[in-house]
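Read off the chains here:
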Amino acid sequence: MELIPVRNVNTFVFCPRLLWLEHVGGDFVDNEHTLEGHFVHRRVDKPGGKLNAPNEEDEPWHTRSLWLSDDDLGITGKIDLVDAEEDGSCFPVDTKKGSPKDKSELWPADRVQLVLQALLMRAQGMRVEKVAAYYNAVRRRVVVELTTEMISEALDALADARKVFEMEPPPPLEDSPQCRGCSLNQICLPDEVNALTLGEDTKIKRVLAPQTDSLPLYVVGGGTRVGVSKNTLIITPRDAEEDIRKVGLDMVSELNLLGGVQFTTQTLQYCLGRDIPVSFFTTGGWYYGSTFSTMSRNVGVRISQYEHHDKELSLRVAQQLISDKVHNCRVLLRRNATNESDTLKRLKMLRREAEKADSKGSLLGYEGDAARRYWSDFSDMVAEVDDAFEMKGRNRRPPKDATNALLSLGYALLTKDCTRALLNVGLDPYLGMYHTTHHGRPSLSLDLMEPFRPLIVDSTVLQVIKRREIQADDVVRTGQGVMLKDRARKTFIGAYERRMADAITHPVFEYRIDYRRVLAVQARLLSRFLTGEIPTLPAFRTR
Ligand code: SF4
């Protein structure tokens, strides 16, 4: 029988889904509660505790950090502290960061964990008649006599916890206060999953993690060198006249290198060691790819993705994403166009057609028709500001006009962000549901970003042109096409990041959320849809 850590049974009693997410899904993140837990444990976490011989007549003794295992019980675990009494009996004491239940009672999860520790000690021949927890928040020890009911409860919980490793993810808790403090709430999405599986009456609380202080860092310009010293990135421009910049790694959420930036292996090691992904782009903004420290260990998600590839479910995903995109394109035109056009009516019709397309081929046709009309109207909008921004249709590699150069850079940034969101949830960004597989193309990232192209990129392009933050002469001609000058590239990247940080009301869950988190949630929901946990992929359509 495989040994289960006693701590996992505690997690199971707290929430079966949490145990599944951590140990089957392979997701673990720290939050302020887990970090505080590590902190209060630091004194009892010194390894090497020893157990006295059973019934040894001795002075009262204690030992810390005692590891015990028992094959018959099928458990293993570390006991923070063993306290012995003058009569030769002893008992386990576990350190907890919070407060006891109702001032003097153990929480069920703590009780089960302590009883299993007591059974481990008994298996070593110790006389154990009670258990105790030290609750750090109130600095009080709660001691409870061991009863046969408590032992039955703990053994039942152990048997049930074992089953979790063999099953599909258990459903989230419903409207539970536990979820608010749970470190995996942003991965579990308890209220969102319940709303999509149980019905619309589910109350949705925003349990998403707050924004951290770190931000994406972009290094633009050939010849710039990026090194590291004492947890600080040192950015040295090629031009010796320009200042050297220093940025603490703690302030960086991701590092993006555009063009021929020199970058050391040591810097890459530092970044990956701190879970900072590094992404690489050409000078023109074409996205090469990213280096991540690890991929999600949730292989089950990838198996579902491969199983559904090119099957009926992938058509449903494609219908949803393309109809959402057509809808959101229409909203952008409706909000910004000044001229009357029949495009809005046509886009509405094409959205409906896309919703019920019977093949990806016909979906491609509806999408193409919608794109032609949309870009024509979009071109009119930017040309109204300055006719030098007029587009020659949507073109790329290389873009032939300033507006297309801005759009291409924006889509490259969005591809990078969608790739990161998909990898975080364990999906393979290179196997699309709508976009066909093509060597080196992150097809699923291109799928995921479809509804967000107009909302994030096109609207950013429109804004920088309307506000005249970027002028038509901010591009240089390069043979067949045009390229943004450094200043324009930096200005646009700043505008893109501001857009990603914009808080909007989520159209389905109705809480405030920024676009970066929206992508993370949408990627998570896509994985849940592919594994069958939720019945539909929720639309993302703005009003
Ligand atoms: S968020 Fe709630 S349901 Fe989800 S794992 Fe945590 S405690 Fe369980």
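Remember, it's a predicted structure, so these values are computed and weren't measured experimentally. (Residues numbered from 1 in each chain as written. Predicted model: local features only at pLDDT ≥ 70, side-chain atom pairs only at ≥ 80, totals over all residues. Heavy atoms only, no water.)

### Let's talk about the packing of aromatic side chains
Counted according to the given criterion, the structure contains seven aromatic pairs. Taking the centre distance of 6.4 Å and the plane angle of 80 degrees together, the rings of Phe-263 and Phe-280 count as edge-to-face. Separated by 17 residues along the polypeptide, Phe-263 in strand 12 (residues 262–263) and Phe-280 in strand 13 (residues 278–281) bring together distant segments of the chain. Residue class for Phe-280 comes out partly exposed when judged on its relative accessible area of 27%. Among the aromatic residues, those joined into a ring-pair cluster are Tyr-374, Trp-375 and Phe-378. The ring centre of Phe-91 lies 4.8 Å from the NZ or CZ of Lys-130, which sits over that ring. It is Arg-453 that lies over the ring of Tyr-411; its NZ or CZ is 4.6 Å from the centre. (Phe/Tyr/Trp six-rings, centres within 6.5 Å; stacked < 30°, edge-to-face > 60°. Helix = DSSP H or I, 4+ residues; strand = E, 2+ residues; numbered from the N terminus. Buried < 20%, exposed > 50% of the residue type's maximum accessible area, 1.4 Å probe, protein only. Lys NZ or Arg CZ within 6 Å of the ring centre and 35° of its normal.)

### Some details on helix 16 (residues 452–466)
Over its 15 residues, helix 16 extends 20 Å from the first C-alpha to the last, a length consistent with the 21 Å expected when each residue adds 1.5 Å. Taken as a whole, helix 16 carries its principal kink of about 30 degrees at Asp-458. Buried residues dominate helix 16, accounting for 13 of its 15 residues. (Expected span 1.5 Å × (residues − 1). Bend = angle between axes of the 7 residues up to and from the residue.)

### Some details on the sheet that holds strand 7 (residues 215–220)
Ordered in space as 7-11-13-14, the four strands form an open sheet in which the pairing is mixed. Each edge of the sheet is formed by a strand with only one pairing partner; in this case those strands are strand 7 and strand 14 (287–291). Taken over all neighbouring pairs, the strand axes of this sheet differ in orientation by 20 degrees on average, direction set aside. Here strand 7 pairs with strand 11 (residues 252–258) via six bridges, running parallel. In the sheet register, Pro-216 faces strand 11, and the bridge partner there is Glu-254. Strands in contact with helix 17 (residues 486–501) are strand 7 and strand 11; relative to strand 7, the strand with the most contacts, it is inclined by about 170 degrees. (Pairing = 2+ DSSP bridges. Axes fitted to C-alpha atoms, helices over the stretch in contact; angles between N-to-C directions. Contact = heavy atoms within 4.5 Å.)

### Remarks on the site of the ligand
Around the ligand, the neighbouring residues are Phe-14, Cys-15, Leu-18, Pro-172, Leu-173, Cys-179, Cys-182, Asn-185, Cys-188 and Pro-190. Of the residues in the shell around the ligand, the class split is nine nonpolar, one polar and no charged. Looking at the shell around the ligand, you find at least three residues from each of domain 1 (4–45 + 59–170) and domain 2 (172–210). (Near = heavy atom within 4 Å. Nonpolar A, V, L, I, M, F, W, Y, C, P; charged D, E, K, R; others polar. Domains from an automatic or database assignment.)

### A look at the environment of Thr-264
Its location among the elements puts Thr-264 in the loop between strand 12 and helix 9 (265–273). If we skip the residues at most four places from it in the chain, Thr-264 touches Val-226 and Gly-227. Side-chain polar atoms of Thr-264 contact the side chain of Thr-267, separated by 2.4 Å. (Polar contact = N/O pair within 3.5 Å; in protein donor to acceptor, adjacent residues only side chain to side chain.)

### Quick look at helix 10 (residues 299–308)
Of the residues making up helix 10, those classed as buried are Val-301, Arg-302, Ser-304 and Gln-305. The buried residues of helix 10 occupy an angular sector of 160 degrees when the element is viewed end-on, so they sit on one face. At the exit of helix 10 stands Asp-310, carrying a positive phi of roughly 65 degrees. (Arc of directions from axis to C-beta.)

### Looking at the UniProt feature "binding site: Mn(2+)" (unreviewed entry) in the chain
In this structure's numbering, the residues bearing the UniProt feature "binding site: Mn(2+)" (unreviewed entry) are Glu-367, His-435 and Glu-450. The greatest C-alpha distance among the residues just named is 12.2 Å, despite their covering 84 residues of sequence, which places them together in space. Mapped onto the secondary structure, Glu-367 falls in helix 13 (residues 360–385). What makes Glu-367 buried here is its relative accessible area of 13%. Each residue touching Glu-367, except ones within four places of it in the same chain, is listed here: Ile-322, Lys-325, Tyr-434 and Glu-450. Mapped onto the elements of the fold, Glu-450 is located in the loop between helix 15 (443–449) and helix 16. Setting aside anything within four residues of it in sequence, one finds Glu-450 in contact with Leu-321, Ile-322, Lys-325, Glu-367, Tyr-434 and His-435. Among the polar contacts made by the side chain of Glu-450, one reaches the side chain of Lys-325 at a distance of 2.9 Å. (UniProt positions renumbered as here; feature names shortened; annotations may be inferred.)

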